[in-house]
Amino acid sequence: MSKHNEHSLKDAIQLLLKTYKLDDRLAERRLISSWESVMGGMIAKHTTDIYIKHQQLFVTLDSAALRNELSLAKSKIVKMLNDEVGKSVINEVILR
């Protein structure tokens, strides 16, 4: 049996994700999943909806005061979330 075509399981999965262009979607899901750990439980508790569209993170909050406070730190939030995922997934946060 020839060994020239052997790949580690990790490499094979990464190749599969890139081939079917699923790696970006997976990174988006990881970013959304990390929202609570990055932002904290109190902010996550007031988050009613969160999704990504066109590299923009849309976050719906049930507190106007919290929305105002977070709007002052949008660029920091983008950096923290992208750092958590390990790649640039979003470039803007839109608070609603």
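Residues numbered from 1 in each chain as written. Predicted model: local features only at pLDDT ≥ 70, side-chain atom pairs only at ≥ 80, totals over all residues. Heavy atoms only, no water.

**Observations regarding the overall build of the chain**
Worth spelling out the cut-off: For helices the rule is a DSSP run of H or I covering at least 4 residues; for strands it is a run of E covering at least 2, with both sets numbered from the N terminus onward. We take the radius of gyration over the C-alpha atoms and set the globule estimate at 2.2 Å times the residue count to the 0.38 power. Using a 1.4 Å probe on the protein chains alone, a residue whose accessible area is under 20% of its type maximum counts as buried, one over 50% counts as exposed, and one in between counts as partly exposed. Contacts are residue-level and defined by heavy atoms, with any inter-residue pair within 4.5 Å sufficient. Method for areas: the Shrake-Rupley scheme with a 1.4 Å probe, in which residue coverage is limited to the protein chains shown. In this charge count, Lys and Arg are treated as positive and Asp and Glu as negative; neither His nor the chain ends contribute. To locate a charge, take atom NZ for lysine, CZ for arginine, CG for aspartate or CD for glutamate.
Helices and strands together make up the secondary structure of the chain, namely six helices and three strands. Reading the helices (α) and strands (β) of the chain from amino to carboxyl end gives α-α-α-α-β-β-α-α-β. Taken against the 2.2 N^0.38 rule, which gives 12 Å for 96 residues, the C-alpha radius of gyration of the chain at 17 Å runs more than 25% over that of a compact globule. Burial analysis of the chain (96 residues in total) assigns 31% to the buried set. The long-range fraction of contacts in the chain, counting pairs at least 24 apart against all pairs at least 6 apart in sequence, stands at 54%. Split by element, the accessible area of the chain, about 6,900 Å² in all, is 53% carbon and sulfur. Across the chain, the mean location of the 15 positive side-chain charges is 2 Å away from that of the 12 negative side-chain charges.

**Comments concerning helix 6 (residues 74–85)**
Formally: By this rule the span expected of a helix is its residue count minus one, scaled by 1.5 Å. The arc in question is traced by the directions running from the helix axis to the C-beta atoms.
The end-to-end C-alpha distance of helix 6, which contains 12 residues, comes to 17 Å, matching closely the 16 Å that a straight helix rising 1.5 Å per residue would cover. Buried within helix 6 are the following residues: Ile-77, Val-78, Leu-81, Asn-82 and Val-85. Relative to the axis of helix 6, the buried residues are bounded by an arc of 125° and lie together on one face. In helix 6, those exposed residues whose orientation departs by more than 90 degrees from the buried face are Ser-75, Lys-76 and Lys-79. Buried-residue contacts for helix 6 involve helix 2 (23–33), helix 3 (35–39), strand 2 (56–61), helix 5 (64–71) and strand 3 (92–95). Of the residues flanking the end of helix 6, it is Gly-86, one or two places downstream, whose phi is positive at about 95°.

**Quick notes on the side chain of Glu-28**
You can see Glu-28 is positioned in helix 2. On the accessibility criterion, Glu-28 (16% relative accessible area) is buried. If we skip the residues at most four places from it in the chain, Glu-28 touches Ile-52 and Val-89.

Fair warning: the whole summary comes from geometry, so function is off the table for now.
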